[in-house]
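# Structural overview for review
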Amino acid sequence: MTIKFKFNKYSRRFKQPLKTHHGLWGVREGIIIELMDEKGKVGWGEIAPLSWFGSETLREAMDFCESLPGIITENLIFSIPMSLPACQFGLESALTQLQGNDEEIPKLENSGLLPTGKAGLSAWKDLVNRGYTTLKWKIGVDSIDNELNWLEILASQMSEIQGLSLRLDANGGLNFAESDRLLDICDRISLGDTSFKIEFLEQPLGVNELEGMLALTKGHLTSIALDESVATLTQINQCYQQGWRGIFVIKPAIVGSPKQLRKLYHTLGIDGVFSSVFETEIGQKASLQLAAELCQSHRAVGFGINHWFVDTD
Ligand SMILES: O=C(O)CCC(=O)C1=CC=C[C@@H](O)[C@@H]1C(=O)O
Ligand SMILES: [Mg+2]
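Quantities reported herein were computed from a predicted structural model and do not represent experimental measurements.

Reading the values: rules and limits
- Residues numbered from 1 in each chain as written.
- Chains lettered and ligands numbered in written order.
- Predicted model: local features only at pLDDT ≥ 70, side-chain atom pairs only at ≥ 80, totals over all residues.
- Heavy atoms only, no water.
- Core = buried A, V, L, I, M, F, W, Y, C linked by side-chain atoms within 4.5 Å.
- Buried < 20%, exposed > 50% of the residue type's maximum accessible area, 1.4 Å probe, protein only.
- Domains from an automatic or database assignment.
- Contact = heavy atoms within 4.5 Å.
- Near = heavy atom within 4 Å.
- Polar contact = N/O pair within 3.5 Å; in protein donor to acceptor, adjacent residues only side chain to side chain.
- Areas by Shrake-Rupley, 256 points an atom, 1.4 Å probe, with all protein chains shown as cover.
- Helix = DSSP H or I, 4+ residues; strand = E, 2+ residues; numbered from the N terminus.
- Nonpolar A, V, L, I, M, F, W, Y, C, P; charged D, E, K, R; others polar.
- Buried area = accessible area lost by both parts, 1.4 Å probe.
- Salt bridge = Lys/Arg side-chain N within 4 Å of Asp/Glu carboxyl O.

### Re the nonpolar core
Formed by 78 residues in total, the largest nonpolar core has its most connected members in L151, L166, L168, I236 and F274. Residue-level mapping places this core at the junction of two domains, with at least three residues from each of domain 1 (3–98) and domain 2 (110–308). With residues up to four places along the chain from it excluded, the contact list for I236 reads V230, F248, I250, V255, L261, L264, L268 and I270. Residues I31, L35, F64 and L68 belong to the second largest nonpolar core, which totals 22 residues.

As structure tokens, this is what we get:
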């Protein structure tokens, strides 16, 4: 089958820059892929790099797209190198759609993303009113004393409503002692006499500190999820081989080939949480189709991010 290939770069501004331990992120840029077969049928895909997580850069993705001829083949798509995981995802998703495997996305429970730090305290009720029962709050930006204080306040307020849970994401911004102190508090909160739970602490330590995170899992009730440590297929396998059996945050748009993710996910029996990279609805649809197919657990998907952009819900 010969396939016409087109691509277009896009950029969209966050309503407010996303503040994480990695720094401030104000504009999401990516590439929309259009594949068309001889009959004029079209498949859409999205390349949404996140280079500070370990994917290729937007420049590298653009160079790759510019290097392709106007007519490509399935073989070319399935031979995109592992060094271009966002390109693997974007072109393979478009091919999947072109070949008609474009099921509607089943309704998945979603987690809403709070603004970082103290701003989260005044924002959580709006997300609950939008229907979210799982919220994610970024830490590892302010002082640990401030963030622990705000956590106690946020937890006491959220525990007044039945059935809410909170995810914490440090983006690798804590040290071992801070993480240990934080997890002690999370354990105490989750063992409290309300239904409120801290579902997990995401990436407390840096990507080179797996041993430390393995040690932290042994001493605490609250789960730990790896994110930056398992951003690509190679890293998922490495962490598994080094003994990680906790939660894996899977960002489909940067992890790499969906075909290879399916294989690895089933082979390793992963406890996964599927997460957005602030892609557009094109990349989100392909990511959520994968989440619906692979995620057997009860865990909410991390795609409650549309309110971060102007002109979306
Ligand atoms: O996972 C979610 O709930 C939302 C997406 C999200 O938190 C992130 C997306 C992309 C980069 C990061 O800033 C952040 C993360 O670390 O998970
Ligand atoms: Mg994360």
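### A short note on the site of ligand 1
Close to ligand 1 lie 16 residues; K136, D169, N171, K251 and S275 are nearest. K251 is positioned with one of its side-chain polar atoms (N or O) 2.8 Å from an oxygen atom of ligand 1. Take S275: an N or O atom from its side chain is 2.7 Å from an oxygen atom of ligand 1. Here ligand 1, which alone exposes 390 Å², has 98% of that area covered by the protein. Elements that contribute at least two residues to the shell around ligand 1 include exactly β1 (3–20) and β6 (134–138). A per-class count over the shell around ligand 1 returns five nonpolar, five polar and six charged. Taken together, domain 1 (3–98) and domain 2 (110–308) each give at least three residues to the shell around ligand 1, which thus spans both.

### Section: the domain arrangement of the protein
Taken domain by domain, the protein holds domain 1 (3–98) and domain 2 (110–308). For domain 1 and domain 2, the distance between their C-alpha centres works out to 25 Å. At the interface, 31 residues of domain 1 touch 38 residues of domain 2. Carbon and sulfur atoms supply 65% of the area that domain 1 and domain 2 bury against each other, a total of about 2800 Å² over both sides. Considering only the surface of domain 1 that becomes buried against domain 2, H21, F53 and F89 emerge as the three largest contributors, covering 25% of it. Across the domain 1-domain 2 interface, the total number found is zero salt bridges. Counting every contact that joins domain 1 to domain 2 gives twelve residue pairs in polar contact (both at pLDDT 80 or more). Elements with a contribution of two residues or more to the side of domain 1 that touches domain 2: β1, β2 (23–36), β3 (42–47) and α3 (85–98). Residues that form the side of domain 1 that touches domain 2 fall into these classes: 16 nonpolar, nine polar and six charged.

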